[in-house]
Amino acid sequence: MSRRASLPGASELFRLTSSPALDVPAPPTPAPQRPEAQRPGHGQNPGHREQLERSAAGRRGSGRQKHDSKITVYVSGDELVAMEQARLSLRAEHGLAIDRGRLVREAVAVLLADFDEHGADSVLVRRLREGGLDSEEAAGP
């Protein structure tokens, strides 16, 4: 048995613990402007984005709290880089400092809200139909 004390890491010691309703909003900082062609969602149907945002209003990601369930998801290197770029963009351009888990939970909430609202016409169903089944998914658990 080790005589060394087990202490939490710095990220746990210095994390924000107040609830989102009590947080004092930080003063807005001007975000650097990107040319229109480089903005996320450029060239997509603008009504579709608004529709996704409205459908997500009823379903929210769980945010920063203790979670009692865990899954492991493997992503490609490109997907991980894209998530990190989105996370950094949210921080730099919108003042939202979030971790990858929060990003994934919010994305899942938006996708499931759209699925609840639109069913067979949802983004999830359309993308899964377009992509077909991978050999792993076809084999099942």
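Since the model is a prediction, treat every value here as computed from it, not as a measurement.

## Side note on the overall build of the chain
(1) Moving on: Each helix and strand counted, the chain has six helices and zero strands in total.
(2) Moving on: Listed N to C, the secondary structure of the chain is α-α-α-α-α-α in terms of helices and strands.
(3) Moving on: Considering the chain as a whole, with its 141 residues, one finds that 11% of them fall into the buried category.
(4) Moving on: Accessible surface, the chain as shown: approximately 12,300 Å² in total, 56% of it carbon and sulfur.

## Considerations on the packing of helix H4 (residues 100-118) against helix H5 (residues 123-131)
Any two packed helices are characterised by the angle at which their axes cross and by the distance between the axes.
(1) Moving on: Where H4 contacts H5, the axes come no closer than 7 Å and their chain directions differ by 95°. One way to sum up the angle between H4 and H5 is to call them roughly perpendicular. For the pair H4 and H5, the contacting residues are Leu 111, Asp 114 and Phe 115 in the first and Val 123, Leu 124 and Val 125 in the second.

## Some points on the confidence of the model for the chain
(1) Moving on: The predicted model of the chain has a mean per-residue pLDDT of 75, with 57% of residues at 70 or higher.
(2) Moving on: Within the chain, helix H6 (residues 135-139) has the poorest average pLDDT of any element, 52, and helix H3 (residues 77-94) the best, 96.
(3) Moving on: Confidence drops under pLDDT 50 across residues 34-44; counting only partners more than four residues distant or on other chains, this segment forms nine contacts.

Cut-offs applied
Residues numbered from 1 in each chain as written. Predicted model: local features only at pLDDT ≥ 70, side-chain atom pairs only at ≥ 80, totals over all residues. Heavy atoms only, no water. Helix = DSSP H or I, 4+ residues; strand = E, 2+ residues; numbered from the N terminus. Buried < 20%, exposed > 50% of the residue type's maximum accessible area, 1.4 Å probe, protein only. Areas by Shrake-Rupley, 256 points an atom, 1.4 Å probe, with all protein chains shown as cover. Axes fitted to C-alpha atoms, helices over the stretch in contact; angles between N-to-C directions. Parallel < 35°, antiparallel > 145°, perpendicular 65-115°, else oblique. Contact = heavy atoms within 4.5 Å. pLDDT = per-residue confidence, 0-100.

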